[in-house]
Amino acid sequence: MTEIERKFLTQSDAFKTEASRSFRIKQGFLNTDPERTVRVRLKGQQGFITVKGKSSEDGLLRFEWEKEISKTEAESLLLLCERGVIDKMRYEVPYGNHIVEVDEFFGDNVGLVVAEIELNHPTEIFKKPQWLGEEVTGQVKYYNAQLSKEPYNTWKK
């Protein structure tokens, strides 16, 4: 139940033509405490509730538990969430032995595109697509829970 993940910005939208599938995601947070985040997600017609623990210092590792819930339950829980519901399109891009999940954000986070790669162990070597840009692993401002509080359009650029 440990998530090992690296995050990157993208350099182009070439990932869109390489994606095997895509779907809209709406998600909110019942709790954004750094020690434990509780997320509610509506992914297409499926609902999920997820608990994430505090990230390791390098941002690579953290506890993650997820359970599927009904669409109706997810919609009801989204109404209870803290302000700042996240709206994004997720693209799943097969690359090497991995699926790169690329999130294109909308609303207050429009213009932000973040790619995530889940690994089997922290030092795993993986092939990077050409469109992968700067690594932002461990930078809290790119966490969805943080984006719900301090959206991308409020950042000084």
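Predicted model only: the values in this text are computed from it and were never measured. (Residues numbered from 1 in each chain as written. Predicted model: local features only at pLDDT ≥ 70, side-chain atom pairs only at ≥ 80, totals over all residues. Heavy atoms only, no water.)

So, the pattern of salt bridges: which residues are in play, and what are the values?
Opposite charge on two side chains allows them to pair when their charged atoms are near. For the structure shown, the criterion picks out 15 salt bridges. Residues Arg-21 and Glu-92 are paired through a salt bridge, measuring 2.7 Å at the closest nitrogen-oxygen approach. Taken together, the residues Arg-21 in strand β2 (residues 21-33) and Glu-92 in strand β6 (residues 86-95) connect sequence positions 71 residues apart. Taking relative accessible area as the criterion, Glu-92 reaches 11% and is therefore assigned buried. Within the structure, one salt-bridge network assembled from shared partners comprises Glu-3, Lys-52, Arg-62 and Glu-64. (Salt bridge = Lys/Arg side-chain N within 4 Å of Asp/Glu carboxyl O. Helix = DSSP H or I, 4+ residues; strand = E, 2+ residues; numbered from the N terminus. Buried < 20%, exposed > 50% of the residue type's maximum accessible area, 1.4 Å probe, protein only.)

How would you sum up the side chain of Lys-88? Please name residues and give values.
Mapping Lys-88 onto the fold places it in strand β6. Within the local environment of Lys-88, its side chain forms a polar contact with the side chain of Asp-103, the two groups lying 2.9 Å apart. When sequence neighbours within four positions are dropped, the list of residues in contact with Lys-88 reads Phe-23, Arg-24, Ile-25, Gln-27, Arg-41, Asp-103, Glu-104, Phe-105, Phe-106 and Asn-144. (Polar contact = N/O pair within 3.5 Å; in protein donor to acceptor, adjacent residues only side chain to side chain. Contact = heavy atoms within 4.5 Å.)

Which residues make up the nonpolar core, and what values go with them?
Counting 16 residues, the largest nonpolar core has Phe-15, Val-100, Val-102, Ile-117 and Trp-131 as its most contacted members. With four residues, the top contributor of residues to this core is β6. Those residues in contact with Trp-131 that lie beyond four places of it in its chain are Leu-9, Thr-10, Gln-11, Ser-12, Ala-14, Phe-15, Glu-18, Val-93, Val-100, Val-102 and Ala-115. (Core = buried A, V, L, I, M, F, W, Y, C linked by side-chain atoms within 4.5 Å.)

Please give an account of the pairing of strand β5 (residues 61-69) that cites residues and values.
Bridge analysis of strand β1 (residues 2-10) against β5 gives three bridges, and the strand direction is antiparallel. The residue bridging Ile-4 from the neighbouring strand is Leu-61, located in β5. Of the pairings in the sheet, the one linking strand β4 (residues 46-53) to β5 comprises six bridges and is antiparallel in character. Looking at the pairing, Lys-52 lines up with Glu-64 of β5. (Pairing = 2+ DSSP bridges.)

Could you give an account of the packing of aromatic side chains, with specific residues and numbers?
Counted under the stated rule, the structure contains five aromatic pairs. Summarising the aromatic geometry, the rings of Tyr-142 and Trp-155 are spaced 5.2 Å apart at their centres and angled 85° between planes, so their arrangement reads as edge-to-face. Residue Tyr-142 is located in the loop between β9 (132-135) and α3 (144-149), and its partner Trp-155 is located in the segment after α3; the two are separated by 13 residues in the primary sequence. In this structure, Tyr-142 and Trp-155 share a single accessibility class: buried. An aromatic cluster of at least three residues, connected via ring pairs, comprises Phe-15, Tyr-91 and Trp-131. Over the aromatic face of Tyr-143 sits the side chain of Arg-62, whose NZ or CZ is 5.1 Å from the ring centroid. Lying over the aromatic face of Trp-155, Lys-141 brings its terminal NZ or CZ to 4.7 Å of the ring centre. (Phe/Tyr/Trp six-rings, centres within 6.5 Å; stacked < 30°, edge-to-face > 60°. Lys NZ or Arg CZ within 6 Å of the ring centre and 35° of its normal.)

These figures come from the coordinates and say nothing about function on their own.
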